[in-house]
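# Examining the three-dimensional arrangement
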Amino acid sequence: MASNEEHYTLPRPEFDKPVKILIVVAPYYKQIAEQLVAGATAEIEAAGGFHEVIEVPGALEVPSAIGIAERMSNFDGYVALGCVIRGETTHYDTVCNDSSRGLTLLGLQGLCIGNGILTVENYDQAWARAEAAGQNKGGGAAAAALHLIALARRWGGARKGVGFVPSRDEYQIAGASRGNDSA
């Protein structure tokens, strides 16, 4: 079982200026979510950071909330938390795949995101992974976000467009005058 194996954990990053992280949690399984948040907040505070917690209806809404926050706020990074337990239909596969894909796409755009959305077969597996005194996957997700923030600060500078997403200063409104209209 993976929980019995020893894994290497990177040392906690240090910051000259405190980080500000948004924790986005889908509390469908409330006790699981509370443990994930407890682990995440403890890790962020141990690194000297600040956090805000918001709740969304489900795991599918987590990437959307992070995307909105990135456009409209000033967070250094994000922690995505929630739990999806396999049920009797294929909805499980859709929620697992699409929430993960959404977070990955945001990450590829340069957002610093730790993914702590659990995808499990049953409640016992979820509890074992979520428990802050146990596997502490919420703390692990926060640690991942902190490490990505450290990399972003190390490399610094203005954001550049990645893939199909232009940098913020490259956005243009259709029909906006560029000063060289020849109509």
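Attention in this report is confined to the structure presented alongside it. (Residues numbered from 1 in each chain as written. Predicted model: local features only at pLDDT ≥ 70, side-chain atom pairs only at ≥ 80, totals over all residues. Heavy atoms only, no water.)

## Looking at a nonpolar patch on the surface
Which entries qualify depends on this criterion: In this scheme, patches are assembled from residues that exceed 30% relative accessible area and form no salt bridge. Like charges are connected within 9 Å, while nonpolar side chains (Val, Leu, Ile, Met, Phe, Trp, Tyr) are connected within 5 Å. Here the accessible surface of atoms and residues is derived via Shrake-Rupley with a 1.4 Å probe, and residues count as covered only by protein chains that are part of the display. The working definition used for a salt bridge is a side-chain nitrogen of Lys or Arg within 4 Å of a carboxyl oxygen of Asp or Glu. Segments assigned H or I by DSSP are reported as helices when at least four residues long, segments assigned E as strands when at least two residues long, and all are numbered from the N terminus. Using a 1.4 Å probe on the protein chains alone, a residue whose accessible area is under 20% of its type maximum counts as buried, one over 50% counts as exposed, and one in between counts as partly exposed.
A contiguous nonpolar surface patch, about 310 Å² in accessible area, is contributed by Leu 148, Leu 151 and Trp 155. Residue position: Trp 155 is located in helix H5 (residues 137–155). Owing to a relative accessible area of 61%, Trp 155 belongs among the exposed residues under this scheme.

## Things to note about the sheet that holds strand S4 (residues 113–120)
The criterion, for reference: Between any two strands, pairing holds if DSSP finds at least two bridges. Comment: axis = line fitted to C-alpha atoms, over the contacting stretch for helices; angle = value between 0 and 180 degrees taken between N-to-C directions.
The strand order across the open sheet formed by four strands is S2-S1-S3-S4, and the pairing between neighbours is parallel. Each edge of the sheet is formed by a strand with only one pairing partner; in this case those strands are strand S2 (50–55) and S4. Strand-to-strand twist of the sheet, defined as the mean angle between neighbouring strand axes without regard to direction, takes the value 15 degrees. Of the pairings in the sheet, the one linking strand S1 (residues 20–25) to S2 comprises six bridges and is parallel in character.

## Quick look at the environment of Val 24
In plain terms, the rule: Residue contacts are counted whenever heavy atoms from the two residues lie within 4.5 Å of one another.
Take Val 24: it is sitting in strand S1. For the pair Val 24 and Gly 116, spaced 92 residues apart in sequence, the C-alpha separation works out to 9.9 Å. Those residues in contact with Val 24 that lie beyond four places of it in its chain are Ile 54, Val 56, Val 62, Ala 65, Ile 66, Val 79, Ala 80 and Leu 81.

## Here's the deal with the packing of helix H1 (residues 30–46) against helix H4 (residues 123–130)
Two measures define how a pair of helices packs: the angle their axes make with one another and the distance between the axes. Spelled out, the test is: What sets the label is the angle itself: under 35 degrees gives roughly parallel, over 145 gives roughly antiparallel, 65 to 115 gives roughly perpendicular, and the rest give oblique. Two helices that cross are described as forming a left-handed crossing if the nearer one is turned anticlockwise from the farther one by less than a right angle, and a right-handed crossing if clockwise. Only Asp, Glu, Lys and Arg are considered charged, only Ala, Val, Leu, Ile, Met, Phe, Trp, Tyr, Cys and Pro nonpolar, and every remaining residue, Gly among them, polar.
For the pair H1 and H4, interaxial distance at closest approach is 9 Å and the crossing angle is 20 degrees. By the angle between their axes, H1 is roughly parallel relative to H4. The way H1 lies across H4 gives a crossing that is left-handed. The segment H1 lies against H4, with Gln 31, Ile 32, Gln 35 and Leu 36 engaging Tyr 123, Ala 126, Trp 127 and Ala 130. Here the residues of the contact of H1 with H4 sort into six nonpolar, two polar and no charged.

## A closer look at the pairing of strand S3 (residues 77–85)
The cut-off we apply is this: With the strands pointing away from the viewer, any crossover whose connection runs clockwise from the first strand over the helix to the second is right-handed.
Most of S3 is tucked away: nine of the nine residues are buried. Here S3 shows two buried faces, one formed by Gly 77, Val 79, Leu 81, Cys 83 and Ile 85 and the other by Tyr 78, Ala 80, Gly 82 and Val 84. In this sheet, S3 lies alongside S1 in parallel orientation, the contact comprising five bridges. Among the inter-strand pairings, Leu 22 is bridged to a residue of S3, identified as Tyr 78. Sheet topology places S3 next to S4; eight bridges connect them, and they run parallel. Across the sheet, Leu 81 pairs through a bridge with Gly 116, a residue of S4. Read from S3 through helix H3 (residues 91–108) to S4, the crossover connection turns out right-handed.

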